[in-house]
Amino acid sequence: MGKYIVRRLLQMIPVVLGSTFLIYAMVFAMPGDPTAGKCGERACPPAYVKEFREKYNLDDPLPVQYGKYMGNVLQGDLGENQYGIPVAEDLRDRFGVTGKLASMALVFQSVVGILAGILAGLRKGGFIDNLVIVSTLFVISIPIFVSGFVLQYFFGLELGWFPVLVGADATFYRLLLPAMVLGSLSLAYIARLMRTNIAENLGSDYVRTAKAKGLSNRRIIGIHTLRNSLIPVITFLGYDFGALLGGSIVTEGIFNILGVGGYVFTSIGNRDGIAVVGAVTVLVLVYLIVNLIVDLLYGVLDPRISHD
Amino acid sequence: MTERNQTPHDANPDERLEHDDAPLHDNKPGEGGELPTESHEKQTPTSSSAAIAADDTGTARSLTADAWRSLRKNPLFWISSVLIVGLLAIAIFPGLFTDQNPDYGDLGRARIDPNSTHWFGTDRQGYDVYTRTIYGARASILVGVLGATGTLLLGSFLGLVAGYLGGWVDTLISRIGDIFFAIPLLMAGIILLSATRSMDTLLGVPLQGYFGTIFQLVLVLVLFGWPAIMRLMRSSVIQVKPNDYVQAARALGASPLRIIRRHVMPNALAPAIVVTTINLGVYISVEATLSFLGIGLVPPAISWGVMINDSLVFLRSGTTLHALFFPALFLSICVLAFIMLGDAVRDAFDPKSRDR
Amino acid sequence: MFGRDKHTAEQDDTHRDDTTRDTTGHDDANREEPATVVKGDPIAKPDVPPWERQGEQLLEVRDLFVEFHTSEGLAKAINGVNLTLAEGETLAILGESGSGKSVTAQAVMGILDMPPAKIPSGEIFYRGKDLLTMPEDERRKLRGPEISMVFQDALSSLNPVFPVGWQIAEMFRKHRDMNRSDSYDQAIRLMERVNIPGAKERVKAYPHQFSGGMRQRIMIAMAIALDPKVLIADEPTTALDVTVQAQIMALLKELQEEHDMGLILITHDLGVVADVADRISVMYAGRIVERAYVDDIYAAPAHPYTKGLLESIPRLDQKGQDLSAIGGLPPSLTRIPPGCAFNPRCVMAQDVCREESPPLRDIRPRRQSACHFAEELLDD
């Protein structure tokens, strides 16, 4: 197990270095003027250009530029936005809100998705199964910004059950609707994945063995089938966490939530490149870390991976 | 030669395949060919590879035929196909579906509810929503089709190269794939597009204007979408490469292209088609999302995403719901159609899900 | 204590003359008096073969039918099977894949998936109680302590995500309400009993960390954990190397004698059963086509199918000769041929075979065959 952790950590290093370099290259090493668009609609004044090139070491060779940039990022320096406020400072207060929203969405999608998947998978071809298949197909097909607005319109404006906008006071109740919107897409995928796994594992040899051992149905499903069916779902959750963070940009934009995603959303609107890139880089890093954790968790859950 | 190889059950691989399709997997991996672990070692290499060789073309053909047979019986396949053909017709010949000008806005007819002249009503600037929805199909579908095709081509090429050459080329391509795969598509899109949206050209390709922005979007999708197809192709090649008949073909001087066409493609095609079809739906959705965020297509370009973004500003005041509803409906139907098709094709190629 | 020669010396000729055409019984003349077939049974009649007796068996399957509802139609997996099993007895069920032997076993265990499977008629008695009419919960509690099963592929049959000791201990925890550490002690004891080296250290290891033979030993340890009276072994050695096969068979035999279990051994390999089984039932297309003591069947098969199976065994004394195998494939269970199901593959097939389905009938004492020409075959 220890060996497995070390191996995963080592494997992670090139991916983290590579993807941050990629982000850096997309922003600073593109052919053309890197300051273009950094100052709103106008061209940047020469003094700003000079300062910009200096700050991001654009006159150094590319690897050196990247090294210095990463050094800054690791020290929490993500550059300054249009108004001269450090992006890191902007983000600091917003992490909590996004973390809260993402966790709520995560819990919602996992609990409902797994339950729906189990019910569907237990009776493949039954009523619940068909219901889950059809409804998830619709959820997958409707982009999150459409469903977000529709739900906001009906539950917020028309019915008044939920506040239309979240704003500064991000309470559990206020975040409930956005969290459900954010989690809906992954919920659909989880339900489908879980359904397939359950149905497949129910037909597996070891479940047949469990039956032959005279175990109760509850134990056969709840212990023997569930554990094996959950493993791919855990992997999916890690992989899908990126989509969740991406979705938070849209969801926080729609519901005016003052989190990291909302920050990206407004910064895109303001054409504030530094702010966008700084915030998104942080999101990607969070994603990579979460992925690593899920990978390790996967090793714990599936002994075939970690016990050689 | 073990006794097992002599049992009649093993005598004819093709018939065995049919037989295995029968619902009774009574003895599961028993006497048939699919013996797990140790028993594989017991078969002499010549007999097992001969069986695979005999299986190869026959299986590929009959699998495709089987898949097609079950596809034809699936209503989802027909529904999605009809929808896609309809949407493609709209995208290619929008003039057939409306005789109005999508760029004609008349504030005098702004915010009209759907009626007999304006089927989908008009928006806040007096554009006819129906006409714009029809014309918006082109950009959305174009981005999706070009993105998915580009992903398929680049991913296949790199996957074949990595799998076929192996060694450090494989390692390099695979690691680069990991890196591109590690950045979520939407975030990659936001970063790249916020860098390119102010640029006029990239490596000599104009980035602005209708085709320029479409190029930007396709670039993002291909650049960050290829690793999935690459992995798939690579593993297909690695799977067939050690087989004796492929080695023999290589020794006889068959070109890599021929080996790929004859031996790799039959294996890899089905999953690649499934991934690409689903990609199409996902990409159309991503385009709309990026356009909605304001960094994809921008007016005057017409796309469903742009229209939705346009109508949202005023949605909260609750006036022109129809201006949101119709493009959103078309967008959803379009994504639904492609994902449904991908599902149907996957089910058809997956014998496990066939018996339902 | 139970040799393989449990055969009866005398035969009940009057009982049989009406059903057999040319019974002479000469080949039985030199048989010695067997140990009693049914132990401790006061009414046991040593001269009546086990399948003839009623109501005194450990396990008895009567006229069992199983069908599967599939997209291709009704698959008739089992079509009227009768079986008996006495304490301490080993019954081999022999047949190709799709012959219904595993389905029979699973029906006895009560682990068939229903649907798609359906048992339209039949009875399965365990110590006189009909398992099929028993409430499911009551029947479930028999699985493990009374009737137990070993499967073919131990790698896929053991749960990959739980330690092997945990999986063995589960039997004690769920059926005997034993606590965690006691049940683990039991698991170690059993692993030692089935000769797994270093059982104490390996009790927490996972199935994939064992070799194929060791995994099968773990399967067996789990199956015999609660001292069942009936053990069903479904192709227990098929996935193993030849040397390991022999070890596993020896282990099964040893455990059977130790616990005086009734053992049903399911296999497609006549070679495996020769040294272990007392009686053999040969299945084809969901029916029993021949039933006999093991020596009789080896000496002279009474069904062309059995004959074919025997001839496909490689033999040392026929080195260099071609192995003859049965031509063709087992029939699809959705389209079982009319008449005798074996007729399309049978070298002896006549018109009557295509029209009339031969019943399983006595052809010699303690021998039954479902072939129109069984006598001719025996006389050859």
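Residues numbered from 1 in each chain as written. Chains lettered and ligands numbered in written order. Predicted model: local features only at pLDDT ≥ 70, side-chain atom pairs only at ≥ 80, totals over all residues. Heavy atoms only, no water.

A. Structural detail: the confidence of the model for chain A. Of the residues in chain A, 93% reach a pLDDT of 70 or more, and the chain-wide mean stands at 82. Confidence, read as mean pLDDT per element, is least for helix 2 (residues 46-55) of chain A in chain A (73) and greatest for helix 4 (residues 87-122) of chain A (89). (pLDDT = per-residue confidence, 0-100. Helix = DSSP H or I, 4+ residues; strand = E, 2+ residues; numbered from the N terminus.)

B. The arrangement of the side chain of C:Arg279 in detail. Residues and elements named next belong to chain C. The residue Arg 279 is located in strand 9 (residues 279-284) in this model. For Arg 279, a relative accessible area of 1% corresponds to the buried category. Here Glu 89 takes part through its side chain, which lies 2.5 Å from a polar atom of the side chain of Arg 279. (Buried < 20%, exposed > 50% of the residue type's maximum accessible area, 1.4 Å probe, protein only. Polar contact = N/O pair within 3.5 Å; in protein donor to acceptor, adjacent residues only side chain to side chain.)

C. Geometry of helix 10 (residues 244-251) of chain B. Residues and elements named next belong to chain B. Within the span of helix 10, buried status applies to Tyr 245, Val 246 and Ala 249. Projected down its long axis, helix 10 shows its buried positions confined to an angular sector of 100°, all on one face. Of the residues one or two after helix 10, Gly 253 is the one with positive phi, at around 90°. (Arc of directions from axis to C-beta.)

D. Molecular detail of the pairing of strand 4 (residues 117-126) of chain C. Residue and element names in this part refer to chain C. Here strand 1 (residues 59-70) pairs with strand 4 via seven bridges, running antiparallel. Residue pairing across strands places Arg 62 opposite Glu 123, the latter belonging to strand 4. Pairing geometry for strand 4 and strand 5 (residues 129-130), over two bridges, is antiparallel. Considered in strand 5, the bridge of Phe 125 is made with Asp 130. Hairpin connection, strand 4 to strand 5: the antiparallel pair is bridged by two residues, and Arg 127 has positive phi, about 50°. (Pairing = 2+ DSSP bridges.)

E. Expanded view of helix 3 (residues 62-74) of chain A. Residue and element names in this part refer to chain A. With 13 residues, helix 3 should reach 18 Å at 1.5 Å per residue; the first-to-last C-alpha distance of 18 Å fits that figure. Among all positions of helix 3, only Gln 65, Tyr 66, Tyr 69, Met 70 and Val 73 are buried. End-on, the buried residues of helix 3 take up no more than an arc of 125°, which puts them together on one face. Where helix 3 ends, the next residue or the one after it, Gly 76, has phi of about 85°, a positive value. (Expected span 1.5 Å × (residues − 1).)

F. Examining a nonpolar patch on the surface more closely. Residues and elements named next belong to chain B. On the surface, Leu 88, Ile 92, Phe 93, Leu 96, Phe 97 and Val 145 cluster together into a nonpolar patch covering about 540 Å² of accessible area. Note on placement: Leu 88 falls in helix 5 (residues 75-92). For Leu 88, a relative accessible area of 32% puts it in the partly exposed group. (Patch = residues over 30% accessible without salt bridge, like charges linked within 9 Å, V, L, I, M, F, W, Y side chains within 5 Å. Areas by Shrake-Rupley, 256 points an atom, 1.4 Å probe, with all protein chains shown as cover. Salt bridge = Lys/Arg side-chain N within 4 Å of Asp/Glu carboxyl O.)

G. Region of interest: the packing of aromatic side chains. Within the structure shown, the criterion is met by 15 aromatic pairs over all chains. On the numbers, 5.4 Å between centres and 50° between planes, the contact of B:Phe180 with B:Phe224 is tilted. With B:Phe180 in helix 7 (residues 167-182) and B:Phe224 in helix 9 (residues 209-240), this residue pair connects regions lying 44 residues apart in the sequence. For the pair formed by B:Phe180 and B:Phe224, the shared burial category is buried. Aromatic ring contacts, followed pair by pair, group A:Phe145, A:Phe149, A:Phe265 and B:Phe292 into a single cluster. (Phe/Tyr/Trp six-rings, centres within 6.5 Å; stacked < 30°, edge-to-face > 60°.)

H. Local environment of the domain arrangement of chain A. All names here are of chain A. Its domain assignment divides chain A into domain 1 (2-74) and domain 2 (89-301). Here domain 1 and domain 2 have C-alpha centroids that lie 31 Å from each other. Facing the 19 residues of domain 1 at the interface are 13 residues of domain 2. The junction of domain 1 with domain 2 conceals about 1400 Å² of combined surface from both sides, 74% of it contributed by carbon and sulfur atoms. If you sort the residues of domain 1 by the area they bury against domain 2, Tyr 4, Met 12 and Ile 23 come out on top, with a joint share of 29%. Seen at the junction of domain 1 and domain 2, the total is one salt bridge. Across the pair Arg 8 and Asp 295 runs a salt bridge, and its minimum N-O distance is 2.1 Å. When contributions to the side of domain 1 that touches domain 2 are tallied by element, the ones reaching two or more residues are helix 1 (2-28) and helix 3. Broken down by element, the side of domain 1 that touches domain 2 gets its largest block of residues, 11 residues, from helix 1. In the side of domain 1 that touches domain 2, the residues fall into 12 nonpolar, four polar and three charged. (Domains from an automatic or database assignment. Contact = heavy atoms within 4.5 Å. Buried area = accessible area lost by both parts, 1.4 Å probe. Nonpolar A, V, L, I, M, F, W, Y, C, P; charged D, E, K, R; others polar.)

I. How the structure looks around unusual backbone geometry. Residue and element names in this part refer to chain C. Even without glycine at this site, Asp 227 takes up a positive phi of about 50°. Counting through the fold element by element, Asp 227 comes out in the loop between helix 8 (212-223) and strand 7 (230-234). Unlike most non-glycine residues, Ala 285 shows phi in positive territory, near 50°. Along the chain, the position of Ala 285 falls in the loop between strand 9 and strand 10 (287-293). Given a relative accessible area of 5%, Ala 285 falls into the buried group.

J. Just the pattern of salt bridges, in detail. The full count for this structure, using the stated rule, is 20 salt bridges over all chains. With a shortest N-O distance of 2.5 Å, B:Arg234 and B:Asp170 are connected by a salt bridge. Separated by 64 residues along the polypeptide, B:Arg234 in helix 9 and B:Asp170 in helix 7 bring together distant segments of the chain. Of the residues examined, B:Arg234 reaches a relative accessible area of 24% and is grouped as partly exposed. Look at B:Asp170 and you get buried, because its relative accessible area is 11%. Across the salt bridge formed by C:Arg193 and C:Glu254, the nearest N and O atoms sit 3.0 Å from each other. With C:Arg193 in helix 6 (residues 180-193) and C:Glu254 in helix 9 (residues 242-259), this pair connects stretches of sequence that are 61 residues apart. Several salt bridges converge on common partners, so that one network encompasses A:Arg192, B:Asp343 and B:Arg346.

K. Representation of the sheet that holds strand 4 of chain C within the structure. All names here are of chain C. Read across the open sheet, the four strands follow the order 2-1-4-5; overall the sheet is antiparallel. Looking at the sheet topology across the chains shown, the edges are occupied by strand 2 (73-85) and strand 5. Its contacts with the sheet place helix 2 (residues 101-109) against strand 1, strand 2 and strand 4, and it is angled at close to 110° to strand 1. (Axes fitted to C-alpha atoms, helices over the stretch in contact; angles between N-to-C directions.)

L. Representation of the confidence of the model for chain C in the model. Residues and elements named next belong to chain C. This prediction gives chain C a mean pLDDT of 75; 82% of its residues lie at or above 70. Here residues 1-46 scores under 50 on pLDDT; set against residues more than four positions off or in separate chains, the count is 85 contacts. The ipTM value of the predicted complex is 0.82, and its pTM value is 0.77.

M. Main features of the sheet that holds strand 12 (residues 367-369) of chain C. All names here are of chain C. Overall, mixed pairing links the eight strands, which are arranged 6-7-8-3-9-10-12-11 in an open sheet. Where the open sheet ends on each side, the last strands, each with one partner, are strand 6 (147-150) and strand 11 (361-364). Averaged over neighbouring strand pairs, the angle between their axes works out to 25° when direction is ignored. Helix 2 rests against strand 3 (90-94), strand 6, strand 7, strand 8 (262-267) and strand 9 of the sheet, and its axis sits at about 145° to strand 6.

N. Expanded view of the nonpolar core. Counting 138 residues, the largest nonpolar core has A:Phe145, B:Ile190 and B:Leu331 as its most contacted members. Broken down by element, the residue count for this core peaks at 17 residues, all from helix 13 (residues 321-349) of chain B. Every residue in contact with B:Ile190, bar those within four places of it in the chain, is listed here: A:Ile249, A:Val264, A:Ile268, A:Val276, A:Val280, B:Leu290, B:Leu293 and B:Ile295. (Core = buried A, V, L, I, M, F, W, Y, C linked by side-chain atoms within 4.5 Å.)

O. Broad picture of the packing of helix 4 of chain A against helix 5 (residues 127-141) of chain A. Residues and elements named next belong to chain A. Where helix 4 contacts helix 5, the two axes come as close as 7 Å, and the packing angle between them is 130°. Compared by their axis directions, helix 4 and helix 5 come out oblique. For the pair helix 4 and helix 5, the sense of crossing is left-handed. Between helix 4, through Ala 116, Leu 119 and Ala 120, and helix 5, the contact on the second element is made entirely by Ile 128, Asp 129 and Val 132. (Parallel < 35°, antiparallel > 145°, perpendicular 65-115°, else oblique. Left-handed = near helix turned anticlockwise from the far one by under 90°.)

P. Region of interest: the interface of chain C and chain A. Listed as interface residues are 28 residues of chain C and, on the opposing side, 22 residues of chain A. Interface area, chain C with chain A, both sides summed: about 2300 Å², of which 56% is carbon and sulfur. For the pair chain C and chain A, the interface holds two salt bridges. One salt bridge connects A:Lys213 with C:Glu170, and the closest N-O pair in it is separated by 2.7 Å. Connecting chain C to chain A are 12 residue pairs in polar contact (both at pLDDT 80 or more).

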